[in-house]
Every structure is written in structure tokens, then in C-alpha cells.
Amino acid sequence: MDVRFDHIALALPRMADATPFLVGVLGGSPAFGADAGVYRFGQWRFANRARLEVLEPIGRDGFLPRFLAARGPGLHHVTFKVPSLREALARATGLGYGVVGYNATVPRWKEAFLHPRDALGIVVQIVESPDEPPRGHWRKPPPMPAGPPPPVRLLGLRLRAHSAARARRQWSALLGGAESIENGVHVFRWTASPLRIAVEIDPASDEGPTRIDVAPPSRAVTGLGEPAPGLGAVFAEAP
């Protein structure tokens, strides 16, 4: 399967709350962003071209105010690009997943979602899009700190799952990730993506994301290993 792990997304009440850490600490550079109806999004790029997205609600309608009221700021979803959304959703239903939010009205961005109760505790967005996101149309990016440091490498997302079989069902059987086991952690990689999924098996804990892994930096980076200010997510150096 020619699948790409495209980006990790955070939901925040205000996108501007993200830049002190994403830019001022991690050194991310703005890639692109736009308004999209009841929300706006922006993406930042890091040293290995991994991208992190931030979602901000516009008004009180839509899914983001509900998410933020229930969970607060933090990790919202991961996005995978597939050659055929129809084929990916057939695999999903064949594996027992429920599909929500199907929308194929925009030919260049067909999408559907797996609900976190089915998908190891995180929203999974599956997209059919024939080209890379557009560039240069972020009209009003949030204020950026001056003189940002060199960017770090974002490695990907770390999660817990109750069993290796559940992890393989989602990240390999459904989404085509190549699995390796590293220090007891099940790691899933996609050839075309700088990002990966690392899964720790823990039958006794809740399934779901625990942190965003950062490669061991070549410079001092403050705030790793604890919730990042304003983001509600933990960024930690990968072991």
C-alpha cells in the first residue's frame, strides 16, 4: 500500500498559543495555513520535513469547540494519505472499524475519519489527495517569536495499546505501516514519511497517545518530557 503518514494535529483554543513553543523552543518554521469554515489550521515544518498542524475554532460551532470542552487542548488527530479512499474504507470496514465524517464533495481532498473509540484512542483522518498541500496562501499566520533556534527532528507519535494485535490491525493491516520491534516497542513506519508511530503495549492502561517523540537534539531544548505550555501535549526525547 502506498500510504503516507502526513502529519500530527493539535487542537487549541488559540493558534497563537502554539508559537512560543513550536517556534521559539522547537524551531519550527511556518509551512502554510488557511481558514476552513468553522476552524482555521496552520502547519509548521521541522528539521526532517515532518509537519505538525494546529487547529483553532472559528466561532462556537463545529467539532473543535466540542472537543476542547470535553478534553481541553492537546493531540487531536493523525492524517494518512492513501491512493484510494474507497479502497482504504473498504479495508477499514472489513477490519471492523466504524467510519465517520465521510466527505468526497471536494475532488482534491476526499476524507473520512476513524473514531477514537475504535482507533486506539485517537482520531485517524484518511485522505485521498493527489498533490501536496498548497503553499504560500497563509494570509494571517500568528505572531512568531524572533530569532528562533535551529529546528528539531520530530520522529512521530507514541501511543499505548492493549495488545500488539490491536496495534498491527490499525497501523499495518489497515494503513500499511512496516513494523519493527525496538526495545520492546512496536514501531510502524511508512516509506514516504518522516513520521512514525511507536506503540507501547500495556493491557492495564487506557489506549491512546502519550506524547510526540523528538530525536535527541544537538542543542539544549527546554520543556521536553512535560506538557508544553499552551499546547496540552507532551514532547519528549525518544529513548
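Calculation criteria
- Here the residue numbers are simple positions, counted from 1 along each chain's written sequence.
- Owing to the predicted nature of the model, reporting of local features is limited to residues with pLDDT of at least 70; listing and counting of side-chain atom pairs is limited to 80 or more, with chain, interface and lining totals taken over all residues.
- For side-chain calculations, the full set of non-hydrogen atoms in the structure is used, while hydrogens and water are omitted.
- Side-chain atoms within 4.5 Å are what join buried Ala, Val, Leu, Ile, Met, Phe, Trp, Tyr and Cys residues into a set we call a nonpolar core.
- Accessible area is worked out with a 1.4 Å probe on protein chains only. A residue is then buried under 20% of its type maximum, exposed over 50%, and partly exposed in between.
- Secondary structure elements are taken from DSSP: a helix is a run of H or I of four residues or more, a strand is a run of E of two residues or more, and numbering for both begins at the N terminus.
- Throughout this description, a polar contact denotes any pair of N or O atoms lying within 3.5 Å of each other; where both atoms belong to protein, one of them has to be capable of donating a hydrogen while the other can accept it, and for residues adjacent in sequence the pair is counted only when both atoms sit in side chains.
- In what follows, a contact means two residues having at least one pair of non-hydrogen atoms within 4.5 Å.
- The pairing criterion is simple: DSSP has to find at least two bridges between the two strands.
- Every axis in this analysis is a line fitted to C-alpha atoms, fitted for helices over the stretch in contact. Angles between the N-to-C directions lie between 0 and 180 degrees.

Caption draft 1: How the structure looks around the nonpolar core. Of all hydrophobic cores here, the largest spans 55 residues; its most connected members are L22, V124, L154, W171 and F235. Membership of the second largest hydrophobic core comes to nine residues, among which are A11, A31, A34 and L68.

Caption draft 2: Focus on the side chain of Q125. Position of Q125 relative to the elements: it lies in strand β8 (residues 123–128). Given the relative accessible area of 7%, Q125 is considered buried. There is a polar contact of 2.8 Å between the side chain of Q125 and the side chain of E111. Those residues within four positions of Q125 in sequence are excluded, and the remaining contacts are H7, H77, V78, T79, F80, W109, E111, A112 and F113.

Caption draft 3: Broad picture of the sheet that holds strand β12 (residues 196–201). In space, the six strands of this open sheet follow the order β10-β11-β12-β9-β13-β14, with mixed pairing throughout. A strand with exactly one partner marks an edge of an open sheet, and here the two such strands are β10 (178–182) and β14 (235–237). Direction aside, the axes of adjacent strands within the sheet are offset by 30 degrees on average. Note that strand β9 (residues 154–161) and strand β13 (residues 208–214) share six bridges and pair antiparallel. Considered in β13, the bridge of R158 is made with R211. Seen against the sheet, helix α4 (residues 164–174) touches β9, β10, β11 (185–189) and β12 and runs at an angle of roughly 5 degrees to β11.

Caption draft 4: Structural view of the pairing of strand β3 (residues 39–45). With five of seven residues buried, β3 is to be regarded as a mostly interior element. Bridging between strand β2 (residues 29–35) and β3 involves six bridges; their strand directions are antiparallel. Bridge assignment links G33 to a residue of β3, and that residue is G42. Linkage of β2 to β3, two consecutive antiparallel strands, is achieved through a turn of three residues, within which G37 is found at a positive phi near 80 degrees. As paired elements, β3 and strand β4 (residues 51–57) share seven bridges and run antiparallel to each other. Following the sheet pairing, W44 is matched in β4 by L52. The loop that links β3 with its antiparallel partner β4 comprises five residues; one of these, R49, has a positive phi angle of about 70 degrees.

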